[in-house]
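# Observations on chain architecture
Listed here are the chains, written in short residue letters.
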Amino acid sequence: MNQAILFIIGLTGVGKSTTLKALQSLALDFELLPNRRELADTIILPEVQRAEGGEPKVEKDRLERFRLTARYRELYPAGMVHALQVYLDNHHKDGMKSCEATKAQRLIFDNIRGLDECTAAVALFENSRFIFLDAPPMVRLKRLIGRGDNFDQVAATRLENDSFIEKLLVLEGAEKVFDVYEIAKLDTSGIDESKILDAVQIILTEHQNYNSEDATSYLKSNLSFERLLYLDTSQLSIEEVTGKIQGWL
């Protein structure tokens, strides 16, 4: 396909929404396609629910959504990129012709994740470009539980709570992704324990479903700087992120 799409790549908590808002404020004449959640709600989840013998319904549970989207990838290895292709074929075919002739990165899709989706996007959309937003798991966890400041002070609010430590340790893959004692040291006073554990589980499940490291390696090995911009948002302010993207575009 010759569709010219600017793909945003990133897991939960890397700053995709904040970055997109900043880009929209620059009035760069971009058109946002329906985002990942919208395509999941309208294309992916209903198809899987029907395939499993049920009626399509709204699904808000993040972990169940991960299960359903993983099932969709079993049917279509390109995952979200396949759903985007379905959407474009049904809703955006005519608009793409004028888009290609005017501005290569006018359409933006938020977002794709993992190696399979990245390789599919590169293969299917020849004129595509990619902004990869990244951040360490602990930074993403802080943002997810509402502590977005990377310089938050820590306090031993749960460090001596053996029950909380045990609950962290039984989460599959927790010690591979996090230092669980650093989680216990986070200043999360006023935040319910279950909310913290839910946030940890969301990040762990994402890591199990989407290998960000392999995706990064593949894109850096196969795309030039003209097509790929990699940004670690834990090291940059939103103004710096926006400036780098604006210069790259």
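Here goes a summary of the coordinates provided. These figures come from a predicted structure and were not determined experimentally.

Definitions and limits used
Residues numbered from 1 in each chain as written. Predicted model: local features only at pLDDT ≥ 70, side-chain atom pairs only at ≥ 80, totals over all residues. Heavy atoms only, no water. Helix = DSSP H or I, 4+ residues; strand = E, 2+ residues; numbered from the N terminus. Buried < 20%, exposed > 50% of the residue type's maximum accessible area, 1.4 Å probe, protein only. Contact = heavy atoms within 4.5 Å. Areas by Shrake-Rupley, 256 points an atom, 1.4 Å probe, with all protein chains shown as cover. Phe/Tyr/Trp six-rings, centres within 6.5 Å; stacked < 30°, edge-to-face > 60°. Salt bridge = Lys/Arg side-chain N within 4 Å of Asp/Glu carboxyl O. Pairing = 2+ DSSP bridges. Axes fitted to C-alpha atoms, helices over the stretch in contact; angles between N-to-C directions.

### Thoughts on the overall build of the chain
When helices and strands are tallied, the chain shows 13 helices and five strands. Expressed as a percentage of the 249 residues in the chain, the buried residues total 46%. In the chain, the proportion of contacts linking residues at least 24 apart, taken out of those at least 6 apart, comes to 80%. As displayed, the chain has an accessible area near 12,400 Å², and 47% of this comes from carbon and sulfur atoms.

### Considering the environment of alanine 51
Take alanine 51: it is sitting in helix H2 (residues 36–51). Classification of alanine 51 as exposed rests on a relative accessible area of 52%. Sequence separation between alanine 51 and tyrosine 72 is 21 residues; the distance between their C-alpha atoms is 9.7 Å.

### Concerning the packing of aromatic side chains
Tallied over the entire structure, the rule returns five aromatic pairs. Consider the rings of phenylalanine 7 and phenylalanine 125, whose centres lie 5.6 Å apart with planes at 55°: the pair is tilted. Residue phenylalanine 7 is located in strand S1 (residues 5–9), and its partner phenylalanine 125 is located in the loop between helix H6 (114–124) and strand S4 (129–134); the two are separated by 118 residues in the primary sequence. There is no split in this pair, since phenylalanine 7 and phenylalanine 125 are both buried.

### Looking at the pattern of salt bridges
Taken as a whole and assessed by the stated rule, the structure comprises nine salt bridges. Between glutamate 64 and arginine 67 there is a salt bridge whose closest N-O contact spans 2.9 Å. Remark: arginine 67 and glutamate 64 occur in helix H3 (residues 62–75); sequence separation between them is three residues, near one turn of the helix. Arginine 67 gets classed as partly exposed once you look at its relative accessible area, which sits at 40%.

### Digging into the sheet that holds S4
Strand order in the open sheet formed by five strands is S2-S3-S1-S4-S5, with parallel pairing between adjacent strands. Two strands lie at the open edges of the sheet, namely strand S2 (31–32) and strand S5 (228–232), each paired on one side alone. Taken together, the five bridges between S1 and strand S3 (residues 107–112) define a ladder with parallel strand orientation. Following the sheet pairing, phenylalanine 7 is matched in S3 by phenylalanine 109. Sheet strands touched by helix H1 (residues 16–25): S1, S2, S3 and S4. Its angle to S3, the strand with the most contacts, is close to 170°.

### Quick notes on unusual backbone geometry
The linkage connecting aspartate 110 with the following residue, asparagine 111, adopts the cis geometry, with an omega of 5°. With respect to the helices and strands, the residue asparagine 111 is situated in strand S3.

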